[in-house]
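Structural features, examined
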Amino acid sequence: MITSIQNKFVKEWKKLHKKKYRQESGTFLIEGEHMIEEAYETDQLITTLIVQEGKEVPAWMDEEYVYIVTENVFKEISQTEAPQGIAAIVNMGSMKQEHNNYVLLIDAVQDPGNLGTIIRTADAAGFSKVVLGEGTVDLYNDKVVRATQGSIFHLAIEQRDLNEAITNLQTDGFSVWATTLRRAKNYAEIEPTNKTAIILGNEGRGVQQKWLDMADELVKIPMYGKAESLNVGIAAGILMYHIRK
C-alpha cells in the first residue's frame, strides 16, 4: 500500500503528465476500466497497474506489477476530475502497424480534444492509419488519449514528415485529398478511388500551402448557413464517411 504522495513511484508516475518524460521513458499513462480493457484486449504492453484501495484488481494482471494506493495518492496521479480509481502505464511502441487503403494525414491540429475525436472517428469509419505531421498536439497527451475512447489502440498511428508521407502514398497509388475553402471542389462531387488519403489542417490556418500544392484533389464541405467553416473533427467525419460509402 502506497500512502504518501512523496513516494518515489508516485513521483515517477506523475512525471508522465509531461511530454518530455513520456518520450524519455517510452511510456504513457491511461485511466479508467474501459481504456485499460482496450489496452489489454489489443495486446498492448502494460508495464504497471495502479489501483486505488478498495477497487478490484483485474485477474489477468500479474500481481508483481500491481501497486495499491490510497485515494489521496490516486488523486495525485490522476488527470481527470472524477478519477475511477484504476490507471495503467503502457508502452508506446506497441500500436498496430498494418493499414488498409484509407489513411488520414494531420497537419498541425493542436486541440487535444479534436485530435482524439478524429482518431476515434477514423477508427469508426474503417480507416486504419493516421499520420501526425509536425506541429500536431502530442498523441499521448491525456486529453487526446481519453478522447479516443480506446481507438488509439486500434489504429496504426505514426508521427512523420508529411512531405515524405504524401509522396510515398502517391507512389503507392493513393489519391491524396486536402481540405481547403479556396479553389476547391465540393467533396460530394468527387468519386473516391479505392486508395484515398485525406489531409486535415490546423484549426486556425487550415492545411499549409505546401501540402495543398502536393495534393491530387482540393476539397471543401459547402456551408449552407452563415458559419464560415466546420470544426476539424466534424469535417473529418463527413469526409471519411463519404470516402467509405
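Calculation rules
Residues numbered from 1 in each chain as written. Predicted model: local features only at pLDDT ≥ 70, side-chain atom pairs only at ≥ 80, totals over all residues. Heavy atoms only, no water. UniProt positions renumbered as here; feature names shortened; annotations may be inferred. Helix = DSSP H or I, 4+ residues; strand = E, 2+ residues; numbered from the N terminus. Contact = heavy atoms within 4.5 Å. Salt bridge = Lys/Arg side-chain N within 4 Å of Asp/Glu carboxyl O. Buried < 20%, exposed > 50% of the residue type's maximum accessible area, 1.4 Å probe, protein only. Phe/Tyr/Trp six-rings, centres within 6.5 Å; stacked < 30°, edge-to-face > 60°. Pairing = 2+ DSSP bridges. Core = buried A, V, L, I, M, F, W, Y, C linked by side-chain atoms within 4.5 Å. Axes fitted to C-alpha atoms, helices over the stretch in contact; angles between N-to-C directions.

In the nomenclature of an unreviewed UniProt entry, the chain corresponds to RNA methyltransferase from the organism Candidatus Pseudogracilibacillus intestinigallinarum. UniProt lists a comment for the chain under the heading Sequence similarities (unreviewed entry), and it reads "Belongs to the class IV-like SAM-binding methyltransferase superfamily. RNA methyltransferase TrmH family."

Here we look at the side chain of Asn-141
With respect to the helices and strands, Asn-141 occurs in the loop between strand 6 (129-132) and helix 6 (142-148). Sequence-distant contacts of Asn-141, defined by excluding residues within four places in its chain, comprise Arg-22 and Pro-112.

Some details on the pattern of salt bridges
Counted by the stated rule, this structure contains 11 salt bridges. One salt bridge connects Lys-55 with Glu-33, and the closest N-O pair in it is separated by 3.7 Å. Pair noted here: Lys-55 is in the loop between strand 2 (46-52) and strand 3 (66-69) and Glu-33 is in helix 3 (residues 33-41), with a separation of 22 residues, a long-range link. What makes Glu-33 partly exposed here is its relative accessible area of 41%. Taken together, the shared-partner salt bridges connect Lys-129, Glu-158, Arg-160 and Glu-164 into one network.

Observations concerning the environment of Val-66
Mapped onto the elements of the fold, Val-66 is located in strand 3. Residue Val-66 is classed as buried on the basis of its relative accessible area of 17%. Sequence-wise, Val-66 and Ala-88 are 22 residues apart; in three dimensions their C-alpha atoms are separated by 9.2 Å. What Val-66 contacts, discounting residues up to four positions off in sequence, is Leu-49, Val-51, Val-57 and Met-61.

Things to note about the packing of aromatic side chains
Tallying each qualifying case throughout the model produces 7 aromatic pairs. Measuring from ring centre to ring centre gives 5.3 Å for Trp-13 and Tyr-67, while their planes differ by 75°; the resulting arrangement is edge-to-face. Residue Trp-13 is found in helix 1 (residues 8-15), and its partner Tyr-67 is found in strand 3; the two are separated by 54 residues along the sequence. When its relative accessible area of 5% is taken as the criterion, Trp-13 is described as buried. Given the relative accessible area of 22%, Tyr-67 is considered partly exposed. A centroid spacing of 4.1 Å and a plane angle of 10° characterise the contact between Tyr-40 and Trp-60, whose relative ring orientation is stacked.

Focus on the environment of Ala-87
Tracing the backbone shows Ala-87 in strand 4 (residues 86-91). Between the C-alpha atoms of Ala-87 and Asp-216, which are 129 residues apart in sequence, the distance is 44 Å.

Some points on the sheet that holds strand 7 (residues 156-159)
The 7 strands lie next to each other as 7-6-5-10-8-11-9, forming an open sheet whose pairing is parallel. Every other strand in the sheet has two partners, leaving strand 7 and strand 9 (185-186) as the edge strands with one partner each. One ladder, built from 5 bridges, connects strand 5 (residues 102-106) with strand 10 (residues 196-200); its direction is parallel. Across the sheet, Tyr-102 pairs through a bridge with Thr-196, a residue of strand 10.

Things to note about the nonpolar core
With 48 residues, the main nonpolar core has Ile-30, Leu-104, Ile-106, Phe-127 and Leu-200 as its most contacted residues. In terms of residue count, the dominant contributor to this core is helix 9 (residues 232-243) (6 residues). Setting aside anything within four residues of it in sequence, one finds Phe-127 in contact with Asn-100, Tyr-102, Val-103, Leu-104, Ala-122, Leu-155, Ile-198, Met-240, Ile-243 and Arg-244. Among the nonpolar cores identified, the runner-up in size contains 16 residues, and Phe-174, Ala-197, Val-207 and Ala-215 belong to it.

So, the pairing of strand 10
Taking burial as the measure, the 5 residues of strand 10 include 5 buried ones, the bulk of the element. Of the two faces of strand 10, the one carrying Thr-196, Ile-198 and Leu-200 and the one carrying Ala-197 and Ile-199 are both buried. As paired strands, strand 8 (residues 175-179) and strand 10 are joined by 4 bridges and run parallel to one another. When the bridges of strand 10 are listed, Ser-175 appears paired with Thr-196.

Section: the sheet that holds strand 4
Overall, mixed pairing links the 4 strands, which are arranged 1-4-2-3 in an open sheet. Two strands lie at the open edges of the sheet, namely strand 1 (27-31) and strand 3, each paired on one side alone. Direction aside, the axes of adjacent strands within the sheet are offset by 20° on average. As defined by bridge partners, strand 2 adjoins strand 4 across 5 bridges and the pair is classed as antiparallel. In the sheet register, Leu-49 faces strand 4, and the bridge partner there is Ala-88. Helix 1 rests against strand 2, strand 3 and strand 4 of the sheet, and its axis sits at about 105° to strand 3.

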